[in-house]
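Read off the chains here:
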Amino acid sequence: QKGMRASLARKPSKLKRRSKAGRIDISFFFLVIVLMTIGLIMVFSASYATSLNENDSGLSIVLRQVLFVGLGLVTMFIVSYIPYQLYQKLHRLIYAVCLVLTLIACFFRDERGANRWIDFKVFTFQPSEMLKFGLICVCAALVARNYRQMDTFKKGIAEFFYFIIPAFGVVAFQRHMSWLMLMVLICGCMMFIAGSKVYYLVLLVPVALLGLVILQFLGFDYIGSRIDAWLDPFSDIQGSTWQIVQSLYAIGSGGLFGVGLGNSTQKFLWLSEPQNDFIFAVVCEELGLVGALMIILLFALFVASGFSIAMRAPDKFGSMLVIGIILEFGVQALLNIAVVSNAMPTTGISLPFFSAGGSATLVQLAQIGIVLNVSRYCRPAISRRKAEGEGSAPDGESRPKIKIISSRDI
């Protein structure tokens, strides 16, 4: 946190634009491709039985995912050339459009009774995925504008709530608790990194708990049942705890090195949503503890590489925008793994780069394109030192140059 705040403090309030953007961060791009490739392989393995049962073809789900990944990569490539400063100018419009689309989705109801998707007959779209970026964009713009006053309640907390509360209200109406949990953590972390007082953020905890109690009385009774199932997962194996018990069976069956790629038994209609929310359980079963740890390591490297881009971004908005996007991926992966292993109550949250889903894949890869665009304007550390002057001291005073001599000179 200190390093990130120091990096933000050194950035000028206005972007000193260079005439030409540089290259994308290759290491970050490589990590994205590796994670996406492994994710497609695991979607094929995890979805085969479900796809065969629902569509008489074992390839229907993975082929659809390949299509959206291809569209997402094209979108990522295009977005990586759009200057990210545009999002700062249009952050209110972006937020408003995402909020309206999410509100429209409330009037569509699918066969499971959920109202989170807009049905276009040919395909369905989940606008709450876009609202994640809209809220991150607004938070980044507010930090860039109010950075020197982030330690006050008005600028560091209250002004953010003008945008957070409407978004949370619409999504709460959709009964999308995992989205609320994710965005509470992301927005809270962004405000904390930017300099909001810790005790202001701590005061929000009882407010959140009060909100859960109100939702419980308003008919969201499944919240309490999921907490009960989390505390005692074997209390109702044939009913409410079926999902998590089958997930634990899959993880335990994998052992150290797994049963082998494609050899999972839990994916054969025992495990619910094996290609989506519970795909990490199939990963643990087929690749074992070693494979699961390798994937967790890749996510850790992805987050570290993203934060490196954020610390080298040329302005506060670019830095906070990257921080918010990277936190979205990192926190979402952490929560998904926690749900699958019963470290927290079951909730519908997908694993980035792995879980099958069209709108989520498109939005995620578009956000990766934004991070890559910010990386085009980042200066590597050695270039920044050269720009400041090799003989310049940190305080602006001249530093004596050191001459390297050889033994011949002696």
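This report concerns the structure included in the present document. (Residues numbered from 1 in each chain as written. Predicted model: local features only at pLDDT ≥ 70, side-chain atom pairs only at ≥ 80, totals over all residues. Heavy atoms only, no water.)

1. Thoughts on the overall build of the chain
Across its full length, the chain holds 16 helices and two strands. The burial tally for the chain puts 49% of its 410 residues in the buried class. Once local pairs closer than 6 in sequence are excluded, the contacts in the chain between residues at least 24 apart make up 75%. Carbon together with sulfur atoms contributes 66% to the accessible area of the chain, which is approximately 20700 Å² in total. (Helix = DSSP H or I, 4+ residues; strand = E, 2+ residues; numbered from the N terminus. Buried < 20%, exposed > 50% of the residue type's maximum accessible area, 1.4 Å probe, protein only. Contact = heavy atoms within 4.5 Å. Areas by Shrake-Rupley, 256 points an atom, 1.4 Å probe, with all protein chains shown as cover.)

2. Overview of unusual backbone geometry
As a rule of thumb, non-glycine residues mostly have phi less than zero, and peptide bonds are mostly trans rather than cis. You will see that leucine 269, though not glycine, has its phi angle at about 65°, which is positive. Tracing the backbone through its elements, the reader meets leucine 269 in the loop between α12 (242-254) and α13 (279-311). With relative accessibility at 52%, the residue leucine 269 sits in the exposed group.

3. Focus on the packing of helix α6 (residues 128-146) against helix α15 (residues 358-376)
Between α6 and α15, the least distance of the axes is 8 Å, while the angle of their chain directions is 25°. As judged from the angle between their axes, α6 and α15 are roughly parallel. Contacts from Glu129, Met130, Phe133 and Ile136 in α6 reach Ala360, Val363, Gln367 and Ile370 in α15. Partitioning the contact of α6 with α15 into residue classes produces six nonpolar, one polar and one charged. (Axes fitted to C-alpha atoms, helices over the stretch in contact; angles between N-to-C directions. Parallel < 35°, antiparallel > 145°, perpendicular 65-115°, else oblique. Nonpolar A, V, L, I, M, F, W, Y, C, P; charged D, E, K, R; others polar.)

4. What about the packing of aromatic side chains?
Tallying each qualifying case throughout the model produces 14 aromatic pairs. Judged by centre distance (6.5 Å) and plane angle (10°), the ring pair of tyrosine 84 and phenylalanine 317 falls under stacked. Of this pair, tyrosine 84 sits in the loop between α3 (60-79) and α4 (85-89) while phenylalanine 317 sits in helix α14 (residues 316-340), placing them 233 residues apart in sequence. One exposure class covers both tyrosine 84 and phenylalanine 317, and it is buried. A centroid spacing of 6.3 Å and a plane angle of 35° characterise the contact between phenylalanine 299 and phenylalanine 353, whose relative ring orientation is tilted. Separated by 54 residues along the polypeptide, phenylalanine 299 in helix α13 and phenylalanine 353 in the loop between α14 and α15 bring together distant segments of the chain. When its relative accessible area of 3% is taken as the criterion, phenylalanine 353 is described as buried. Taken together, the aromatic side chains of Phe28, Phe299, Phe302, Phe329, Phe353 and Phe354 make up a single cluster linked through ring pairs. Positioned above the aromatic ring of tyrosine 81 is the side chain of arginine 376, whose terminal nitrogen or guanidinium carbon lies 4.1 Å from the ring centre. (Phe/Tyr/Trp six-rings, centres within 6.5 Å; stacked < 30°, edge-to-face > 60°. Lys NZ or Arg CZ within 6 Å of the ring centre and 35° of its normal.)

5. Some words on the nonpolar core
Counting 104 residues, the largest nonpolar core has Tyr87, Leu135, Leu321 and Phe353 as the members making the most contacts within it. In terms of residue count, α14 provides more of this core than any other element does, 16 residues in total. With residues near it in sequence (within four places) discarded, leucine 135 still touches Tyr95, Phe163, Ile164, Ala167, Phe168, Trp179, Met183 and Cys187. (Core = buried A, V, L, I, M, F, W, Y, C linked by side-chain atoms within 4.5 Å.)

6. Points about a nonpolar patch on the surface
Where nonpolar side chains cluster on the molecular surface, the patch consists of Leu256, Phe257, Leu289, Val290, Leu293, Met294, Ile296, Leu297 and Leu301 and spans about 840 Å² of accessible area. Relative to the assigned elements, leucine 297 resides in helix α13. (Patch = residues over 30% accessible without salt bridge, like charges linked within 9 Å, V, L, I, M, F, W, Y side chains within 5 Å. Salt bridge = Lys/Arg side-chain N within 4 Å of Asp/Glu carboxyl O.)

7. Details of the environment of glycine 369
Here glycine 369 is to be found in helix α15. Residues glycine 369 and methionine 76, spaced 293 residues apart in sequence, show a C-alpha to C-alpha distance of 4.2 Å. In this structure, glycine 369 is in contact with Met76, Val79 and Ser80, ignoring residues within four places of it in sequence.

8. Considering the pattern of salt bridges
All chains considered together, the criterion is met by five salt bridges. In this structure, glutamate 159 engages arginine 145 in a salt bridge whose closest nitrogen and oxygen atoms are separated by 2.1 Å. On the criterion of sequence distance, the pair formed by glutamate 159 in helix α7 (residues 153-173) and arginine 145 in helix α6 is long-range, its members being 14 residues apart. When salt bridges that share partners are traced, they join Arg145, Lys155 and Glu159 into one network.

9. Things to note about the side chain of threonine 102
Along the chain, threonine 102 falls in helix α5 (residues 91-105). Residue threonine 102 is classed as buried on the basis of its relative accessible area of 0%. Ignoring any residue separated from it by four or fewer positions in sequence, one finds threonine 102 in contact with Pro127, Ser128, Leu131, Val170, Val171 and Gln174.

10. Some remarks on the state of the cysteines
Working definition: the covalent bond between the sulfur atoms of two cysteines is a disulfide. One pass over the full model with this rule turns up zero disulfides. The thiol of cysteine 139 is unpaired, and the distance to the nearest cysteine sulfur, on cysteine 187, comes to 4.0 Å. (Disulfide = S-S within 2.5 Å.)

11. Remarks on α3
Spanning 20 residues, α3 covers 28 Å between terminal C-alpha atoms, matching the ideal 28 Å at 1.5 Å per step. Of all the positions in α3, only Ile61, Val62, Gln65, Phe68, Val69, Gly72, Met76 and Val79 are classed as buried. Down the axis of α3, the buried side of the element spans an arc of 120°, and every buried residue falls inside it. Turned more than 90 degrees from where α3 packs its buried face, Leu63, Leu67 and Phe77 sit exposed. Looking at the buried positions of α3, the neighbouring elements they touch are α2 (26-55), α4 and α15. (Expected span 1.5 Å × (residues − 1). Arc of directions from axis to C-beta.)

12. Here we look at the packing of α13 against α14
Relative orientation of the contacting elements α13 and α14 amounts to 165°, with a least axis distance of 10 Å. Taken together, the axis directions place α13 and α14 in an arrangement best described as roughly antiparallel. In the packing of α13 onto α14, the handedness of the crossing is left-handed. Within the contact between the two elements, α13 uses Phe280, Ala281, Ile296, Phe299, Phe302, Val303, Gly306, Phe307, Ile309 and Ala310 and α14 uses Ser319, Val322, Ile323, Ile326, Leu327, Phe329, Gly330, Ala333, Asn336, Ile337 and Val340. Per-class residue counts for the contact of α13 with α14 are 17 nonpolar, four polar and no charged. (Left-handed = near helix turned anticlockwise from the far one by under 90°.)

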